[in-house]
Amino acid sequence: MAKITDLLQKFIMSNPKRAIWFMTSMKPEFWEKQGEKMALKTFHEAAKKVPAYKDFLKKHGIKDHTKIQTIEDFKKYVPVMDKNNYLINYPLEKLTQGKLEESFILSMSGGTTSKPLYILAARGGFKTTYPLGMAAILDYIFDICTPSKKVLLINAVSLGIWAGGITGAFVYKSLADKFQNITLVIPGADQERVIDVLEKIGRYYDLIFIAAYPTFFKTILDAGDKRKIKWEEFNIKLGTGGELLDNSLRDYFIEKISSKRRGLNCIFDVYSGTEVGNPGTSTPLTNKIVSIARTNKNLSSNIFKSEEPLGLFQSNPIGSWVESVNNDIIVTKAGKMPIVRYNVKDIGEIFSWKKMNEILDNHRINIQEEVKQDGWSRPPFQWPFLTVLGRRDYAISLFGAKISPENIQPVFGKDPKIHSFKLTTRDIEDLTPHFVVLLELQPSVELQNEGRIQLQRHYKKKILNHLLRTNFDFKDAYSIRQETLIPKIKIYSFREGPFREEKNRIKPKLII
């Protein structure tokens, strides 16, 4: 029976149009049930085949994994793992199913929040699962696999050993092999090369899909502006992930690249991580919900626990089974290095399809009609929804207030003077714990003393007002300890001071 199911799945997924039909036809109950089956199957296979997981279960008192047969037992008895108690606690060969040397790809995490990790992947994922799934999603959003549409696919994610770049390179190559209308170019994180490609051959294509981290795509746009690129001449779509894309940056990207083609399918954003793959995908439906929540504070509070909506995705339970435990995102995913109830250390919540629609109904929002009015006519995936509100271990903490980079990114918006920022609690002058925001100026910006003072005053007030409005923990802490929570603003020229080492990183380090 399992073999028949696998063959049926391969047949459905082998054609993007067929896959889209299937994914939009299945009801929420189907996805929920299949996700639960996948989680239990992954658990039992890891318990039998992965040496590290066998030991991990033994240490947590699980002597006979076969006694856990229901999803209720799974949630109650299966221990939660994380990077520290599992992935870096065992040698690489003990974390894998089968022999380490039989892996297809070895890549590395970026180490943004801790020690970098080696990650192994099996051949099957890169030959079938990943490319077919990506083809279906991209075709659903952009019609990217339509033969008559000439597509230029630019992979501008950092290459080398890093997981994001190497995974994208293999997956996109598979798409270009299968669909003859796609031309692939892989410049990596080189903004000048991306601009060269656009200038020289961009006009020959109906659609240009650029894959890049949000912060790097901003760099591409800045470089293009200097070279007088007319963005409206290209039909550019952005595929991004690895960092939360805040609303102000999203607005800026859409304004620059969408021209008259405004809509809900300008940006394809994924919630991703090296260890967990892609547990969440933005869709036109999630984009519309966020758009409404930005002007409906009650709705935003109900969904995001904040007046300012952050990341919202839909999660395919068959690919990754996601839970929320004490507001931590927990992921179960099969693979060469399976993870079972893995705590990503991101703050978020999972909503069933039914629950999200009940919330929208309570606010008298007919989301299907709203989406149609914005020009999107395809039926939705009836998958669960996942909010992502920031990293639990990637924030500064003062007097009970947690402030993450995602909390203040919207403040900078389209400011042409600011290139990047960092957060710290270390006041360099007197070493007293304090809320400190370090700002890096754009390469072309030089400010004299008075200009820097004005910029400091501006952002001191703007950041404080924004956090008091959107971060309830901050507001409580501020009422107790104002002198510590009033932001101190430090300004640096491009690549100076704490920003000097950023040129060597694949993603910026925003907490120091």
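See the structure printed just above.
Residues numbered from 1 in each chain as written. Predicted model: local features only at pLDDT ≥ 70, side-chain atom pairs only at ≥ 80, totals over all residues. Heavy atoms only, no water.

### With respect to the overall build of the protein
Point 1. The secondary structure content of the protein amounts to 19 helices and 18 strands.
Point 2. Radius of gyration (C-alpha) of the protein: 23 Å, near the 24 Å computed for a compact globule of 512 residues.
Point 3. Reported as C-alpha extents along the three principal axes, the dimensions of the protein are approximately 75 × 60 × 50 Å.
Point 4. Expressed as a percentage of the 512 residues in the protein, the buried residues total 54%.
Point 5. Long-range contacts, defined here as pairs at least 24 residues apart, represent 72% of the contacts in the protein between residues at least 6 apart.
Point 6. Of the roughly 23,800 Å² of accessible surface on the protein, a fraction of 51% belongs to carbon and sulfur atoms.
Point 7. Each charge class in the protein can be summarised by its mean position, and for the 77 positive and 57 negative side chains these summaries are 3 Å apart. (Helix = DSSP H or I, 4+ residues; strand = E, 2+ residues; numbered from the N terminus. Rg over C-alpha atoms; globule rule 2.2 N^0.38 Å. Buried < 20%, exposed > 50% of the residue type's maximum accessible area, 1.4 Å probe, protein only. Contact = heavy atoms within 4.5 Å. Areas by Shrake-Rupley, 256 points an atom, 1.4 Å probe, with all protein chains shown as cover. Lys, Arg positive; Asp, Glu negative; His and termini not counted. Charge placed at Lys NZ, Arg CZ, Asp CG, Glu CD.)

### A short note on the state of the cysteines
Point 1. Evaluation of the coordinates by the stated rule reveals zero disulfides.
Point 2. Not part of a disulfide, Cys145 finds its nearest cysteine sulfur in Cys266, a span of 18 Å.
Point 3. When its relative accessible area of 7% is taken as the criterion, Cys145 is described as buried.
Point 4. On the basis of relative accessibility, which here comes to 3%, the residue Cys266 falls in the buried class. (Disulfide = S-S within 2.5 Å.)

### Some remarks on the sheet that holds strand β17 (residues 433-441)
Point 1. Ordered in space as β16-β17-β18, the three strands form an open sheet in which the pairing is mixed. With one partner strand each, in any of the chains shown, β16 (418-426) and β18 (488-492) form the two edges of the open sheet. Along the sheet, successive strands turn relative to each other by an average axial angle of 25°, direction set aside.
Point 2. Packing against the sheet, helix α17 (residues 449-470) makes contact with β16, β17 and β18, and its axis sits at approximately 135° to β18. (Pairing = 2+ DSSP bridges. Axes fitted to C-alpha atoms, helices over the stretch in contact; angles between N-to-C directions.)

### Section: unusual backbone geometry
Point 1. Positive phi, normally seen in glycine, also occurs at Asn326, with a value near 55°.
Point 2. Within the secondary structure, Asn326 sits in the loop between β10 (321-325) and β11 (328-333).
Point 3. Exposure remark for Asn326: the relative accessible area of 68% places this residue in the exposed category.
Point 4. Despite not being glycine, Arg341 shows a phi value in the positive range, around 55°.
Point 5. Position of Arg341 relative to the elements: it lies in strand β12 (residues 339-351).

### Details of the pairing of β11
Point 1. When you tally the buried positions in β11, you get six out of six residues, the bulk of the element.
Point 2. The side-chain alternation of β11 yields two buried faces, one formed by Asp328, Ile330 and Thr332 and the other by Ile329, Val331 and Lys333.
Point 3. Relative to β11, β10 is paired through five bridges, and the arrangement is antiparallel. The partner of Val322 across the bridge, within β11, is Val331.
Point 4. Between β10 and β11, which pair antiparallel one after the other, the connecting turn spans two residues, and Asn326 there sits at a positive phi close to 55°.
Point 5. As defined by bridge partners, β11 adjoins β12 across four bridges and the pair is classed as antiparallel. Each bridged residue has a counterpart across the sheet, and for Val331 the counterpart in β12 is Tyr342.

### Digging into the packing of helix α9 (residues 191-201) against helix α10 (residues 214-226)
Point 1. Two numbers describe how α9 lies on α10: the axes approach to 9 Å, and their chain directions differ by 60°. Relative to α10, the element α9 lies oblique. For the pair α9 and α10, the crossing hand works out as right-handed. Across from Gln191, Glu192, Val194 and Ile195 in α9, the residues of α10 making contact are Phe216, Thr219, Ile220, Ala223 and Gly224.
Point 2. Taken together, the residues that form the contact of α9 with α10 break down as five nonpolar, three polar and one charged. (Parallel < 35°, antiparallel > 145°, perpendicular 65-115°, else oblique. Left-handed = near helix turned anticlockwise from the far one by under 90°. Nonpolar A, V, L, I, M, F, W, Y, C, P; charged D, E, K, R; others polar.)

### Considerations on the side chain of Thr424
Point 1. Tracing the backbone through its elements, the reader meets Thr424 in strand β16.
Point 2. Residues contacting Thr424, with those up to four places away along its chain left out, are Ile396, His434, Phe435, Val436, Leu438 and Ile512.

### Things to note about a nonpolar patch on the surface
Point 1. On the surface, a nonpolar cluster with roughly 240 Å² of combined accessible area is contributed by Leu106, Tyr118 and Ile161.
Point 2. Here Tyr118 shows up in strand β2 (residues 118-121).
Point 3. Given a relative accessible area of 40%, Tyr118 falls into the partly exposed group. (Patch = residues over 30% accessible without salt bridge, like charges linked within 9 Å, V, L, I, M, F, W, Y side chains within 5 Å. Salt bridge = Lys/Arg side-chain N within 4 Å of Asp/Glu carboxyl O.)

### Notes on α10
Point 1. Between its first and last C-alpha atoms α10 spans 19 Å; for 13 residues at 1.5 Å apiece the expected length is 18 Å, and the two agree.
Point 2. Regarding α10, the residues found buried are Pro214, Phe216, Phe217, Lys218, Thr219, Ile220, Leu221, Asp222, Ala223 and Gly224.
Point 3. Where α10 is buried, its residues contact α9, β5 (207-211), β6 (236-240), α11 (247-257) and β16. (Expected span 1.5 Å × (residues − 1).)

### Here's the deal with the environment of Glu102
Point 1. Relative to the assigned elements, Glu102 resides in the loop between α6 (83-87) and β1 (105-108).
Point 2. For Glu102, a relative accessible area of 48% translates into the label partly exposed.
Point 3. With residues up to four places along the chain from it excluded, the contact list for Glu102 reads Arg123 and Lys336.

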